[in-house]
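Commentary on secondary and tertiary structure
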Amino acid sequence: MAARLAVRALALLTLAYLALPLVVVIGGSLTETKFLSFPPQGLTLDWYRVVLHDPTYVRSFLTSAVLALAATFFALVIGLPAAIAIARHSFRGKGLLSALLLSPLVLPHIVIGAALLQYGSALGLVRNFPALLVGHVVIVTPFVLRTLLPHFSPGQRALEEASRDLGASGWTTFRLVTLPLIRPGLVSGAIFAFITSFINVELSIFNTTAALNTIPVQLFNYVQYSVDPSIAAVSALTILAAAVGIVLIDLLIGLDLLPDK
Amino acid sequence: MASARLTLFWLLALPVLVFTGFFLIPLGVVLVSSFTAPEDGLTLAHYARILLDAYHWQVIATTFRIAIFSTLICVALGYPLAWYLVRIVQLRSWRRACVILLVLPLFTSNIVRSFGWMVLLGRSGLVNDALMSLGLIDRPMRFLGTETGILIGMVYILLPFTVLTIGTALARVDRGLEQAARDLGATPARAFWSVTFPLTLHGVMAGAIIVFSMAISAYVTPALLSGGKVTVLAMLAFQQYSTVFDFHYGGALSITLLVLTLALIGLASRMTRGRTPGAGGH
């Protein structure tokens, strides 16, 4: 019982630790002072007005959103077939292939970014949207693959064969049998992919310009010069967008990250 | 058979093409430039510059220290939280709220999260205020620009990954096994350490590997919380590409970081092999 109480206390403290910086950022964005202060002195939404009327912030926000959506889409298009091949087929060099496809997970993003910059400059693939996208696809695909693979089990094969024996086509079997079985993996993989792309600085920083910037890179450049409440407001807006996104995902497809049983 | 091969071809064509073109070849370019110099062709000079220098070793040691402590703390805090969410929380809506709180920081960039800590850990920040009013310290402590400060920020960013991997593993544990251990006379603690914990070890290791590899290559959090006073390997490599434009020495730094990371991950996965569930106990 004491152990249970200790676990509960530690868990609640950890949750508080997770909430704290978010509370500070949101609180700080509401201050009336010209400098950032927490707890806020006075309450105002002025800093949000400043940010929403700043076209560079709005543009960066859109760039980040489109980039993350596109990267997640391509990661699914690349990761799902690769996962099926690795889980369901036997071929030579399978270990090598999965190591290759998973390796961006463990390789420093700074290194991948630098490599793509050096290589991309030879192809003219630098400082434009495709250059950003290519890098993001490479780093987010492993998240899809990694979360998908454990959801394929040998037992599912029997179900798939039964479906084929009952006359379903390969595509119908995939859609009605395989897909529902791997759905939790697909959902969490896509979430991880989107997150990883949306918050990336290390890779984007090599290929962003004043005109084409992502929100994290813009904040990163900004934070190093000044810490004023408008940065807190932008940060609070990204937190809000994230919260809306998560709740939407939860309502639409169910955020079954930690299943009941 | 021929149709199976054809299916395989179509499944793998795109992944192989993309990863060769935009991952393998670019890394190959870095590898080659790390072994070459503009004037004298093939050379080991860039590696000698790193490996024969005390400063570089100090940076490598700092990088590893931060990564190892981040990983240990993330597992130590992540396991109880995962346990709480999977086993203790009864109210579905509260668990849902907790999961959202857990995922929310992941949806926001490192900058936003590190920025929150910059405000919290400053000289007159909330953390120092709280410690002083509790009488634990009488002068503000310096967090920014120290390894402790970086560690607080890193653990904060990486913790959700361990909670999610451990939580998923925990949710899949057949509780009948624990019950059986209890029925056979094991104490709750013994049932946990000899039944439940080994069954979740793969989740722990998966989380630890994600955390370790992200911590060792982290750039943004150390850069923002170090105040230029602590240097990690990723910061050193980035400087070479962004301000010094030395692709050769920068390449050597990148490859060093890469090799060290892979070596430690190889070691970690070797250690868990044979201890994963299904591989049999003792």
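Residues numbered from 1 in each chain as written. Chains lettered and ligands numbered in written order. Predicted model: local features only at pLDDT ≥ 70, side-chain atom pairs only at ≥ 80, totals over all residues. Heavy atoms only, no water.

A look at the interface of chain A and chain B
Note the cut-off: Note on definitions: a residue-residue contact is assigned when non-hydrogen atoms from the two residues lie within 4.5 Å. Accessible area that two parts lose when put together, with a 1.4 Å probe and added across both, is what the buried area reports. For this analysis, a salt bridge means a side-chain nitrogen from Lys or Arg found within 4 Å of a carboxyl oxygen belonging to Asp or Glu. A 3.5 Å cut-off defines polar contacts: any pair of N or O atoms within that distance qualifies, except that in protein one atom must be a possible hydrogen donor and the other a possible acceptor, and neighbouring residues in sequence count only when both atoms are side-chain atoms. In this text, helices come from DSSP runs of H or I with a minimum length of four residues, and strands from runs of E with a minimum of two, each type numbered from the N-terminal end. Each residue is assigned to one class: nonpolar for Ala, Val, Leu, Ile, Met, Phe, Trp, Tyr, Cys and Pro, charged for Asp, Glu, Lys and Arg, and polar for all the others, Gly among them.
The interface of chain A with chain B comprises 86 residues on the first partner and 90 residues on the second. Both sides of the chain A and chain B interface together cover about 8100 Å² of buried area, and 82% of this is carbon and sulfur. Summed over the shared surface of chain A and chain B, the number is zero salt bridges. The interface formed by chain A and chain B includes six residue pairs in polar contact (both at pLDDT 80 or more). With 16 residues, the single largest contributor to the side of chain A that touches chain B is helix α1 (residues 2-28) of chain A. The residue inventory of the side of chain A that touches chain B, partitioned by class, reads 70 nonpolar, nine polar and seven charged.

Some remarks on the UniProt feature "transmembrane region" (unreviewed entry) in chain B
Quick reminder of the rule: UniProt positions are given in the numbering used here, feature names are shortened, and annotations may be inferred rather than shown by experiment.
UniProt's entry tags residues 7-35, 55-82, 94-112, 149-171, 191-212 and 247-268 of chain B with the feature "transmembrane region" (unreviewed entry), counted in the numbering of this structure. Between the C-alpha atoms that bound residues 247-268 of chain B the distance is 31 Å, and the span itself is 100% helix and 0% strand.

Let's talk about the environment of H46(B)
All names here are of chain B. Relative to the assigned elements, H46 resides in helix α2 (residues 45-51). Along the primary structure H46 and A215 are separated by 169 residues, whereas in three dimensions their C-alpha atoms are 25 Å apart. Excluding residues that lie within four positions of it along the chain, H46 makes contacts with S33, S34, T36, A37, H248, Y249 and A252. For H46, the side chain forms a polar contact with the main-chain oxygen of T36, separated by 2.8 Å.

Looking at unusual backbone geometry
Residues and elements named next belong to chain A. This is how the line gets drawn: Relative accessible area decides the class of each residue, using a 1.4 Å probe on protein chains only: under 20% of the type maximum gives buried, over 50% gives exposed, and in between gives partly exposed.
For R127, which is not glycine, the phi torsion reads 50° and is therefore positive. Mapped onto the secondary structure, R127 falls in the loop between α5 (109-123) and α6 (129-148). Judged by its relative accessible area of 46%, R127 falls in the partly exposed class.

Topic: the UniProt feature "domain: ABC transmembrane type-1" (unreviewed entry) in chain B
UniProt marks residues 60-268 of chain B with the feature "domain: ABC transmembrane type-1" (unreviewed entry), using the numbering shown here. End-to-end, the C-alpha atoms of residues 60-268 of chain B are 19 Å apart, and along that stretch the chain is 81% helix and 0% strand.

Side note on the side chain of S29(A)
Inspection of the secondary structure assignment puts S29(A) in the loop between α1 and α2 (46-52). Sequence-distant contacts of S29(A), that is, excluding residues within four places in its chain, are made with T44(A), W47(A), Y48(A), P229(A), A232(A), A233(A) and A236(A).

Re the nonpolar core
Using the following cut-off: Among the buried residues, those of types Ala, Val, Leu, Ile, Met, Phe, Trp, Tyr and Cys that are joined through side-chain atoms within 4.5 Å form a nonpolar core. Annotation comment: domain bounds sourced from an automatic or database domain assignment.
Core analysis: the largest hydrophobic core is formed by 164 residues, its most contacted members being F220(A), L81(B) and Y219(B). Structurally, this core is a two-domain feature, drawing no fewer than three residues from each of domain 1 (20-53 + 226-261) and domain 2 (67-213) of chain A. Discounting chain neighbours no more than four positions away, the residues touching Y219(B) are I110(A), E202(A), F220(A), A234(B), M235(B) and F238(B).

Concerning the pattern of salt bridges
Residues and elements named next belong to chain A. Tallied over the full model, the rule gives four salt bridges over all chains. The salt bridge partner of D46 is R49, with a shortest N-O separation of 3.6 Å. Of this pair, D46 and R49 both sit in helix α2, three residues apart, roughly one helical turn. Across the pair E160 and R88 runs a salt bridge whose closest N-O atoms are separated by 2.5 Å. With E160 in helix α7 (residues 155-165) and R88 in helix α3 (residues 55-88), this residue pair connects regions lying 72 residues apart in the sequence. Judged by its relative accessible area of 13%, R88 falls in the buried class.

Quick notes on the UniProt feature "transmembrane region" (unreviewed entry) in chain A
UniProt tags residues 61-84, 96-117, 129-149, 185-210 and 230-253 of chain A as "transmembrane region" (unreviewed entry). Within residues 96-117 of chain A, the helical portion is 73% and the strand portion 0%, while the C-alpha atoms at the span's ends are 26 Å from each other.

Concerning the packing of aromatic side chains
Residues and elements named next belong to chain B. Our working rule: When the centres of two rings from Phe, Tyr and Trp lie within 6.5 Å, Trp using its six-membered ring, the rings pair. Their planes under 30 degrees apart give stacked, over 60 give edge-to-face, and anything left gives tilted.
Applying the stated criterion to the full structure yields 23 aromatic pairs over all chains. Judged by centre distance (4.9 Å) and plane angle (35°), the rings of F35 and Y47 are tilted. Taken together, the positions of F35 in the loop between α1 (2-34) and β1 (36-37) and Y47 in helix α2 put the pair twelve residues apart, joining distant regions of the chain. Ring centres of Y219 and F238 lie 4.7 Å apart, and the angle between their planes is 50°; on these two criteria the pair is classed as tilted. Within this pair, whereas Y219 is found in the loop between α9 (188-216) and α10 (220-226), its partner F238 is found in helix α11 (residues 233-244), the two being separated by 19 residues in sequence. On the accessibility criterion, Y219 (8% relative accessible area) is buried. According to the relative accessible area criterion, F238 is buried, its value standing at 9%.

Overview of the side chain of H109(A)
Among the structural elements, H109(A) can be located in helix α5. With sequence-adjacent residues up to four places away left out, H109(A) is seen in contact with P104(A), I139(A), T196(A), N200(A), E202(A) and L203(A).

Observations regarding α7(A)
An α-helical turn contains 3.6 residues, so any two residues separated by three or four positions project in the same direction. Residues and elements named next belong to chain A. Rule in force here: Of all possible arcs, the one meant is that of the directions from the helix axis to the C-beta atoms.
Considered for burial, the residues of α7 that qualify are Q156, E160 and S163. Viewed end-on, α7 has its buried residues packed into an arc of 60°, placing them on one side of the element. Packing partners of the buried residues in α7 comprise α3 and α8 (170-198). Phi turns positive, to about 100°, at G167, one or two residues after α7.

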